[in-house]
Amino acid sequence: MLTTVSCFCAKIAHFGVFSLRLLSQMPLGVLYLFADLCYLLIYYVFGYRKKVVRANLLNSFSEKSIDEIITIEKKFFKYLTCLIVEVVKMDSISKSELRKRIKFKRDEHLLEMLMQ
């Protein structure tokens, strides 16, 4: 029984990795549209950790109004979904695309080392 469950879990994990690698092949513009869809699902449909985030924001910014807190909360969830798709994209991004998107100031040596 245990090996059947382990085998099933391994298959799900392999499918998940395959799906993420396939998703990483999409252009960033498409991934950002996917991030927008994920934001809508996470924030409005599932409410993923919304109470925790709001409580933390209220504790941290007690001087802000509830409307300002909700604005910050929405921006956080939008940022979170964009961050997730950018991390997924890192699996397949080319060096030239990476050079276009990352700018170092006064760190040319570091950039040379990273691109080797």
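As a reminder, the structure under discussion sits directly above these lines.
Here goes a summary of the coordinates provided. (Residues numbered from 1 in each chain as written. Predicted model: local features only at pLDDT ≥ 70, side-chain atom pairs only at ≥ 80, totals over all residues. Heavy atoms only, no water.)

Some thoughts on unusual backbone geometry
So, point 1. For Arg 49, which is not glycine, the phi dihedral falls at a positive 55°.
So, point 2. The partly exposed category is assigned to Arg 49, whose relative accessible area is 48%. (Buried < 20%, exposed > 50% of the residue type's maximum accessible area, 1.4 Å probe, protein only.)

Some points on the packing of helix H3 (residues 50–60) against helix H4 (residues 66–89)
So, point 1. Between H3 and H4, the shortest axis-to-axis distance is 10 Å and the interhelical angle comes to 125°. It follows from the interaxial angle that H3 and H4 lie oblique. Crossing geometry of H3 relative to H4 is assigned as right-handed. Contact residues: H3 offers Lys 50, Val 53, Arg 54, Leu 57 and Leu 58, while H4 offers Ile 66, Ile 69, Ile 70, Ile 72, Glu 73, Phe 76 and Phe 77.
So, point 2. Here the residues of the contact of H3 with H4 sort into nine nonpolar, no polar and three charged. (Axes fitted to C-alpha atoms, helices over the stretch in contact; angles between N-to-C directions. Helix = DSSP H or I, 4+ residues; strand = E, 2+ residues; numbered from the N terminus. Parallel < 35°, antiparallel > 145°, perpendicular 65-115°, else oblique. Left-handed = near helix turned anticlockwise from the far one by under 90°. Contact = heavy atoms within 4.5 Å. Nonpolar A, V, L, I, M, F, W, Y, C, P; charged D, E, K, R; others polar.)

Concerning a nonpolar patch on the surface
So, point 1. Taken together, the side chains of Phe 34, Leu 37, Leu 40, Leu 41, Tyr 44, Val 45, Phe 46 and Tyr 48 present a nonpolar region at the surface, about 830 Å² in accessible area.
So, point 2. Examined against the element boundaries, Phe 34 turns out to sit in helix H2 (residues 28–46). (Patch = residues over 30% accessible without salt bridge, like charges linked within 9 Å, V, L, I, M, F, W, Y side chains within 5 Å. Areas by Shrake-Rupley, 256 points an atom, 1.4 Å probe, with all protein chains shown as cover. Salt bridge = Lys/Arg side-chain N within 4 Å of Asp/Glu carboxyl O.)

Quick notes on the nonpolar core
So, point 1. Counting six residues, the largest nonpolar core is built from Tyr 39, Tyr 43, Val 53, Leu 57, Ile 69 and Phe 77.
So, point 2. In this view, Leu 57 contacts Ile 69, Ile 72 and Glu 73; residues no more than four positions away in its chain are not counted.
So, point 3. Among the nonpolar cores identified, the runner-up in size contains five residues, and Leu 28, Ala 35, Cys 82 and Val 85 belong to it. (Core = buried A, V, L, I, M, F, W, Y, C linked by side-chain atoms within 4.5 Å.)

Things to note about the state of the cysteines
So, point 1. Under the counting rule described, the total for this entry stands at zero disulfides.
So, point 2. Take Cys 82: it sits in no disulfide, and the sulfur closest to it among the cysteines is that of Cys 38, at 9.9 Å.
So, point 3. By relative accessible area, Cys 82 is classed as buried at 17%. (Disulfide = S-S within 2.5 Å.)

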